[in-house]
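Breakdown of the fold
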Amino acid sequence: MNAAQLIGDWHALVVLFVAGVVPNQIWRMLGLWFGGGIDEGSELLVWVRAVATAILAGVIAQIVVQPPGALASVPDGLRYGAVAAGLVVFLLTRRSIFAGVVAGEVFMLAGKWWLG
């Protein structure tokens, strides 16, 4: 197998890179450049962090309450249980986001496997 067969149409990868990666990286670099001098404890940054957290919480709540796609086939109790399990593990592991997410995923997958 040569590289062309492995990669496929390289033009599609270039378009994906230009359309997806480059615009995001520009905003990230501008954010680093403009935000480099801002104090992390400033009122502006605390407000921005609070707004970002509220938006994320709203999106997660909407996904749990009105699940899209394949998640809609998972029973409500299992979805809420996975959120609760993730929260408990998050709190028990001294606020480890990774541990909470993994615990919620494992709970959801195990519950879906058990229910069939």
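As the structure is a computational prediction, the values presented were derived from the model and not from experiment. (Residues numbered from 1 in each chain as written. Predicted model: local features only at pLDDT ≥ 70, side-chain atom pairs only at ≥ 80, totals over all residues. Heavy atoms only, no water.)

1. Thoughts on the overall build of the chain
When its secondary structure is counted, the chain shows 5 helices and 0 strands. N-terminal to C-terminal, the α/β element order of the chain is α-α-α-α-α. The C-alpha atoms of the chain give 20 Å as radius of gyration, which overshoots the globular expectation for 116 residues (13 Å, by more than 25%). With the C-alpha coordinates aligned to their principal axes, the bounding extent of the chain is approximately 55 × 45 × 25 Å. Going through the 116 residues of the chain one by one, you find that 15% of them count as buried. Considering only residue pairs separated by 6 or more positions, the chain has 34% of its internal contacts joining residues 24 or more positions apart. Summed over its atoms, the accessible surface of the chain is roughly 9,400 Å², and 73% of this surface lies on carbon and sulfur atoms. Separation between the mean location of the 6 positive side-chain charges and that of the 6 negative ones in the chain comes to 9 Å. (Helix = DSSP H or I, 4+ residues; strand = E, 2+ residues; numbered from the N terminus. Rg over C-alpha atoms; globule rule 2.2 N^0.38 Å. Buried < 20%, exposed > 50% of the residue type's maximum accessible area, 1.4 Å probe, protein only. Contact = heavy atoms within 4.5 Å. Areas by Shrake-Rupley, 256 points an atom, 1.4 Å probe, with all protein chains shown as cover. Lys, Arg positive; Asp, Glu negative; His and termini not counted. Charge placed at Lys NZ, Arg CZ, Asp CG, Glu CD.)

2. Considerations on the UniProt feature "transmembrane region" (unreviewed entry) in the chain
The residues that UniProt annotates with the feature "transmembrane region" (unreviewed entry) are residues 12–34, 46–65 and 77–92. From the first C-alpha to the last, residues 46–65 spans 28 Å; its make-up is 100% helix and 0% strand. When the span residues 77–92 is considered, its composition is 100% helix and 0% strand, and the gap between its end C-alpha atoms is 22 Å. (UniProt positions renumbered as here; feature names shortened; annotations may be inferred.)

3. A short note on the pattern of salt bridges
If you walk through the whole model with that rule in mind, you get 1 salt bridge. Salt-bridge contacts for Arg 79 lead to Asp 76; the nearest nitrogen and oxygen are separated by 2.5 Å. With Arg 79 and Asp 76 both in helix α4 (residues 76–92), this residue pair falls 3 residues apart, about one helical turn. Look at Asp 76 and you get partly exposed, because its relative accessible area is 44%. (Salt bridge = Lys/Arg side-chain N within 4 Å of Asp/Glu carboxyl O.)

4. Section: the layout of surface pockets
Rolled over the atoms, a probe with the dimensions of a water molecule shows which regions are left empty. Taken as a whole, the largest pocket encloses approximately 770 Å³ of empty space. For the largest pocket, the lining is made up of 19 residues, of which Ile 60, Val 83, Gly 86, Gly 100 and Val 101 are closest to its centre. Elements that contribute at least two residues to the lining of the largest pocket include exactly α3 (43–65), α4 and α5 (97–115). Counting the residues that make up the lining of the largest pocket, at least three belong to each of domain 2 (40–66) and domain 3 (74–116). (1 Å grid on protein atoms, 1.4 Å probe; cavity = no way out; pocket = protein on both sides within 12 Å on 5 of 7 lines; lining within 4 Å. Points joined across faces, edges and corners; volume = space filled by probe spheres on them. Domains from an automatic or database assignment.)

5. Some thoughts on the side chain of Arg 79
Taking relative accessible area as the criterion, Arg 79 reaches 3% and is therefore assigned buried. Of note is the side chain of Arg 79, whose polar atom sits 2.9 Å from the backbone oxygen of Val 64. Excluding residues within four positions of it along the chain, Arg 79 makes contact with Val 64, Val 65, Pro 67, Leu 71, Ala 72, Val 74 and Met 108. (Polar contact = N/O pair within 3.5 Å; in protein donor to acceptor, adjacent residues only side chain to side chain.)

6. Regarding a nonpolar patch on the surface
Residues Trp 10, Val 14, Phe 17, Val 18, Val 21, Val 22, Ile 26, Trp 27, Leu 30, Trp 33 and Phe 34 make up a contiguous nonpolar surface patch of roughly 1,200 Å² in combined accessible area. Looking at the element boundaries, Val 22 is found in helix α2 (residues 10–35). (Patch = residues over 30% accessible without salt bridge, like charges linked within 9 Å, V, L, I, M, F, W, Y side chains within 5 Å.)

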